[in-house]
Structures are given as structure tokens and as C-alpha cells.
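So the chains spell out like this:
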Amino acid sequence: MSLLTLSNVQVRYGRLTAVRGVSFSLTEGEILFITGPNGAGKSSLLRAIAGVVAPAGGRIDFADHDITGQAPEDIARLGLSMVPEGREVFGSLTIEENLMVGTGMHARERNWRVRAASELEAVYATFPILKDRRHAQAGLLSGGQQQMLVIGRALMTHPRLVAIDEPSLGLAPNITDQVYERLIALRAERKLTLLIVEQSSTRAMMVGGRMMLMRGGEILLDGDARALGQSEAMQAAYFGYGDH
Amino acid sequence: MGSLLQVVFDALSLGSLYALGALGIALIFGVMRLVNFAHGDVIAFCVFALLWPSVDAVAIIFAGNLPWFLLIPFVLAIGAGLSVLSELLVFRRFRRANPATMMIASFALGFVIRYFLLMLFSSRPKSISLLPELSQPIEVLGARIPLLQLITILVTIAVLFGLTAFLRRTRFGLEMRAAAENFTMARMLGVRANRVIMGAFALSGALAAAIALILGSQTGTANIMMGANVMLMAFIATVIGGMGSLPGAVLAGFLIGAVATVMQVILPPDARAFRDAFVYAAVILVLIFRPQGILAARGTKERV
């Protein structure tokens, strides 16, 4: 069953077109990497999906709702959680407060406090380092810890789909390994659907799953990560050898 | 000793007004990046809400005759209501506009409120007696302190503790702090933008109403311009405190109150009329050495 469907989505900033007609659909439980060089429109695409920018054209459906142009909070409440580029922790809030921000959307439900508390324990179990420093200001954490915090914070909203923009940005390779290890485990535990944007395809090839190559605002290739990663078509498309 | 204590109380009560005003401005700036220059006119509006419209010099009291336990919630509700209304009717439409545009919109709104009052009440200041029981002095360690001054300080301290508890302990407060730091990220976690902004306006309006009550009882007059002076000093306090930083706004509010009071005492009598010029000179000095304010706020990220 398709959880997220994009049909001919376009994103423009003034005269600049960042995303030109992207269509794909994502099945529940799938893991999809979107790779591509700088300026390919990957982040813009994610921002459109999360409702941060309104698409200039096309349609986005998530969990049987048309979310095109909806407010970010409404999209989040449907179960699509976005972890933006650069991590965006609330630096002056403590770790625990950061995590709790995402639970407010369930406050109307019964027993939400109990559920939030158990959710918190689950996130702490996944990322013990966060529990150790739960009352520390989030701004004081290292990059890797911040990345774990924002993933944990996204989980606190009870998402069906987590979209992550460049989780490896600015992290040492061994820290990136840890982050991915947790992500893969979480996906299995919670039957999460993952949409991950990375510049390089190496991570996607290590993890496996589906991979798309984006360049110049368009999806050029779509297929199995490992097969695609080794293909010459990938190299050519990534660097644009075929253009001339 | 007695006169020193008098100065301390003067400084604290004047600082209280500025701190409350600065908080009201910083709260809205925090979530919206809007410097709300209509804040002062909301203060004036709250005072005039106690009167029947008339152009006479002696005010015809309307709600002002209510017993204090009804009067105070009434005025707070007026302030919060007007402030929320200004968000719904005006500022919501400027959500995506740049800060300068929003600021100009707030000036315009301020003038609308001011001239609305002018139409109903004329520009002549009116004498009112608001909570007259508070004007008699009491004896504290040999100094004669007006009871109102003491209450002003106590109320301000209570408001500060209450607001801190609200921001730290409640879910809504948490959402507000998150939104003040990074509005878009908060929304991506399901925090409702409209609710947080309306909450900030309601709180800010209630703070304006508190100032209105204090000013009204302190001066015994209702004047259309009465909010403007406080607003100006309060705005300066938010700048010195670090735009958007609530503790900074409070600290700077008290600081300005203290500087103004001390200058009133130490300046030679001929220069006292120009006290405010000296206060502003001190402000310039602070900003030269700390342009980001005393306590710079985090989160200068875009709202949308």
C-alpha cells in the first residue's frame, strides 16, 4: 500500500525552479534514499513534502490525505515527521524538553502523559546518551548527539514516515555508522518508512533499499540501491557526463 | 537610610513597569519577530475601558467602580482580548511579511487605537481614582513608601514567577519556547502556529493591562498618551536585554528604571528636566559595547 505519493511536484523560489516535476510513490515500510549532487533539489523536495514550502505545482498525498500546500503542523499530525538538514535542535531547551515538544500533538488523546512517558523511555533506550544528559541544554551536545536527539524527537511524534535530510552532515564516519545502525534497528522495530536524503550514494549502498538519483530538480534514476550504486549509469548521471 | 530606601523603592517600581512592558514586547517578538509598537496604545485602551465615553475633564467611571477582584480580571481580559483581536485582524495577514513591514503595520494599528480613543474621549487627560485604597503611604524601615509602590513591585515579582512557571512547567509554555527559538521546526513537530502566536498575544495584552492598572492608580489620570512613554522605554529595554530574550527584557527593564531614578537624584537640579536625555545616552553606551544586548536570545531563525 502506498503511503506517500508525489505526482509531478514542482518547487520554485521566485524565478528559480528547484524541483521540476517529481513523481514517485513510497510503500509503507520501505526505505528510500534520495541522492544527488549539491543543488539537485533534494532538500527542496523534502521541504515541500513536509509543508515548509508550498509546491508550485503537482500533488502530494500522504496516508490517504491530499497534503499539497498544507501547514507543516497538520502534515506532522498525520504522521510524517521531518528531520531537517543541520539538525535544528532547540538549543536553549534541555534534551528532555526537546523530546517533549513533539508529544503535544497527542495531548487531546487519552492517557497521553503516560504514553509520552513510555515513548520517552523508548527513545532513551535507543539512545542511552540522551538519557544520561537529559537535563543538559541541547545546544551543548556534540553533532552526533544532536543528530540522535532530532531523530529521537521525530520518533516522539509517533510517525509513520520519517524524512531525514543529510543525517551524516558534519559527522565523523564512525558516528554516522552509529546513527545509521539505530535508524535501521528503529525501522525494523517500529515498521517505519524512511526517506533519507544524502549527497553520496555510498551510505545507500551499504544499507540497501531503494535509491533515486536526483539532479537538476529531476529524478534521473530509480532502483535498487546496491545495483544502481555500482552501475555506470549512476556515475554518469551523478556527474552529468551524459549532458554534452 | 530612609531616603536611600525611598530611592530603591522608586527604582524598583519604575523598573517594574518597564520590565512588564518589555516582557510584553519580547514575548511577541520571540514568536513572530514583530516589534509591536501598538503595545503602548493597548495600555491606554485598557485604562479607558474603565470609563464611559465623554469629553469632560472628570471621567465618568464605568467598570472602574467594580470591586478589585472583578476589576482586575476585567481589565486583564480587555488587554488580552484587544491584543488577540489585533493579531486576528491585522498581524495574521502580515505573517510572511518582513519585520519592517510588520513593524509599520503595528505603528498604524497603534494610531488606529489612539485615534479611536481620541474620538470617544478627546485628548484632554481625565482624572480618575482607581483603587484609591492603595495610595496611602506605609512605613517601611523608617521610609514612607506608597502602598501602591510596594504592591507594584510585589505584583511584578509574582508575574515574573508565574510567567516563568508557565513557560517552564506547562506544555503550552514549552511549545512557546520551542517556537520562539525555531518556529518552523516547532511546526514540523506538530506545534500549531496560530495557537502559539495567539497565546503570546494574549499574554502580552494581559501584561499591558497590568501596566494600565498600575499606571492608572499611580498617576490618577487617564491620558491617551500614557502608554506611549512606557512603551518607548520598554522597547529600549527589550533591545538592551537582547531582542527576544525574556530574562534580558526583565533585567534591562529594571536597569533602566534604576538608571532613571538614580539620575533623578544625582543630577544637578538644573539638569533634572533633561533626565531622559541622560538615560538615552546611557542606552547608547550600552549598545556601543554590547550591540547584541545584555543577554542575546538564541534562535534568529526565520519564522516560516
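Residues numbered from 1 in each chain as written. Chains lettered and ligands numbered in written order. Predicted model: local features only at pLDDT ≥ 70, side-chain atom pairs only at ≥ 80, totals over all residues.

**With respect to the overall build of chain B**
Phase 1: Along the backbone of chain B there are 11 helices and four strands.
Phase 2: The C-alpha atoms of chain B give a radius of gyration of 19 Å, which matches the 19 Å a tight globule of 304 residues would have.
Phase 3: Expressed along its principal axes, the backbone C-alpha trace of chain B runs to roughly 55 × 45 × 35 Å.
Phase 4: In chain B, buried positions account for 47% of the 304 residues. (Helix = DSSP H or I, 4+ residues; strand = E, 2+ residues; numbered from the N terminus. Rg over C-alpha atoms; globule rule 2.2 N^0.38 Å. Buried ≥ 20, exposed ≤ 12 C-beta atoms within 10 Å, placed from the backbone.)

**Comments concerning the interface of chain B and chain A**
Phase 1: Across the boundary between the two partners, chain B contributes 18 residues, which contact 23 residues of chain A.
Phase 2: Where the side of chain B that touches chain A is concerned, the elements lending two or more residues are helix H6 (171-181) and helix H7 (183-188) of chain B.
Phase 3: Among the elements that line the side of chain B that touches chain A, the one with the most residues is H6 of chain B, at six residues.
Phase 4: For the side of chain B that touches chain A, the per-class residue count stands at eight nonpolar, three polar and seven charged. (Contact = placed C-beta atoms within 7 Å. Nonpolar A, V, L, I, M, F, W, Y, C, P; charged D, E, K, R; others polar.)

**Overview of helix H7 (residues 173-190) of chain A**
Phase 1: Its 18 residues give H7 of chain A an end-to-end C-alpha distance of 25 Å, which sits within 8% of 26 Å, the value for a rise of 1.5 Å per residue.
Phase 2: Positive phi shows up at Lys 191 of chain A, right after H7 of chain A, with a value of about 55°. (Expected span 1.5 Å × (residues − 1).)

**Overview of unusual backbone geometry**
All names here are of chain A.
Phase 1: For Arg 87, which is not glycine, the phi torsion reads 75° and is therefore positive.
Phase 2: Within the secondary structure, Arg 87 sits in the loop between strand E6 (80-83) and helix H3 (95-101).
Phase 3: A positive phi angle is found at His 158, which is not glycine, with a value near 65°.
Phase 4: As for its position among the elements, His 158 is in the loop between helix H6 (143-155) and strand E7 (161-165).
Phase 5: Owing to 19 C-beta atoms within 10 Å, His 158 belongs among the partly exposed residues under this scheme.

**Notes on the packing of helix H5 (residues 147-169) of chain B against H6 of chain B**
Residue and element names in this part refer to chain B.
Phase 1: The geometry of H5 relative to H6 is characterised by a closest axis approach of 5 Å and an angle of 85° between their N-to-C directions. Considering their axes alone, H5 and H6 lie roughly perpendicular with respect to each other. Judged by residue contacts, Phe 166, Leu 167, Arg 168 and Arg 169 of H5 engage Gly 173, Met 176 and Arg 177 from H6.
Phase 2: Among the residues making up the contact of H5 with H6, the classes are represented as three nonpolar, one polar and three charged. (Axes fitted to C-alpha atoms, helices over the stretch in contact; angles between N-to-C directions. Parallel < 35°, antiparallel > 145°, perpendicular 65-115°, else oblique.)

**Remarks on the nonpolar core**
Phase 1: If you look at the biggest cluster of nonpolar residues, it comprises 169 residues, and the most contacted ones within it are Ala 163 of chain A together with Ala 22, Cys 46 and Ile 211 of chain B.
Phase 2: Per element, the largest residue contribution to this core is 17 residues, and it comes from helix H1 (residues 2-32) of chain B.
Phase 3: Residues in contact with Ala 22 of chain B, not counting those within four places in the same chain, are Ala 234, Ala 237, Thr 238, Gly 241, Ala 249, Val 250, Ala 252 and Gly 253 of chain B. (Core = buried A, V, L, I, M, F, W, Y, C linked by C-beta atoms within 7 Å.)

**Some points on the packing of helix H10 (residues 246-266) of chain B against helix H11 (residues 275-289) of chain B**
All names here are of chain B.
Phase 1: Closest axis-to-axis distance for the H10/H11 pair is 10 Å, and the angle between their directions is 135°. One finds that H10 runs oblique with respect to H11. As for the relative orientation of H10 and H11, their crossing is right-handed in sense. On H11, the residues touching Ile 256, Val 259, Ala 260, Met 263 and Gln 264 of H10 are Arg 275, Phe 278, Val 279 and Ala 282.
Phase 2: Of the residues that constitute the contact of H10 with H11, the class distribution is seven nonpolar, one polar and one charged. (Left-handed = near helix turned anticlockwise from the far one by under 90°.)

**Notes on the pairing of strand E1 (residues 2-13) of chain A**
All names here are of chain A.
Phase 1: As paired elements, E1 and strand E2 (residues 16-27) share eight bridges and run antiparallel to each other. The residue bridging Leu 6 from the neighbouring strand is Phe 24, located in E2.
Phase 2: Hairpin remark: E1 followed by E2, antiparallel, with two residues in the connecting loop; positive phi at Gly 14, about 60°. (Pairing = 2+ DSSP bridges.)

**Considerations on the sheet that holds E7 of chain A**
The strands that make up a sheet are held in pairs by hydrogen bonds between backbone atoms, and each pair lies either parallel or antiparallel.
All names here are of chain A.
Phase 1: With respect to topology, six strands assemble into an open sheet ordered E6-E7-E8-E3-E9-E10, the strand pairing being mixed. In this open sheet, the two edge strands, each paired with only one partner strand, are E6 and strand E10 (218-224). Strand-to-strand twist in this sheet, taken as the mean axis angle between neighbours without regard to direction, amounts to 15°.
Phase 2: Pairing geometry for strand E3 (residues 31-35) and strand E8 (residues 193-198), over five bridges, is parallel. Note on E8: the bridge partner recorded for Leu 32 is Leu 195.

**So, H6 of chain B**
Phase 1: Judged by how many residues are buried, H6 of chain B sits mostly within the fold: eight of 11 residues are covered.
Phase 2: Here H6 of chain B has its buried residues at Leu 174, Glu 175, Met 176, Arg 177, Ala 178, Ala 179, Ala 180 and Glu 181 of chain B.

**Remarks on the sheet that holds strand E4 (residues 57-62) of chain A**
Residues and elements named next belong to chain A.
Phase 1: Strand order in the open sheet formed by four strands is E2-E1-E4-E5, and the pairing between neighbours is antiparallel. What marks the edges here is a single partner per strand, and that holds for E2 and strand E5 (65-66).
Phase 2: For E4 and E5, the ladder comprises two bridges, and the chain directions are antiparallel. Considered in E5, the bridge of Asp 61 is made with Asp 66.
Phase 3: The strands that helix H1 (residues 42-50) touches are E1, E2 and E4; relative to E2, the one it contacts most, it runs at about 65°.

**Focus on the confidence of the model for chain B**
All names here are of chain B.
Phase 1: With 94% of its residues at a pLDDT of 70 or more, chain B has an overall mean of 87.
Phase 2: When mean pLDDT is taken per element in chain B, H7 scores highest with 94 and strand E2 (residues 137-140) scores lowest with 78.
Phase 3: Counting contacts from residues 299-304, a segment whose pLDDT is below 50, to residues more than four positions away or on other chains yields 11 contacts.
Phase 4: The ipTM for the predicted assembly is 0.92, set against a pTM of 0.86. (pLDDT = per-residue confidence, 0-100.)

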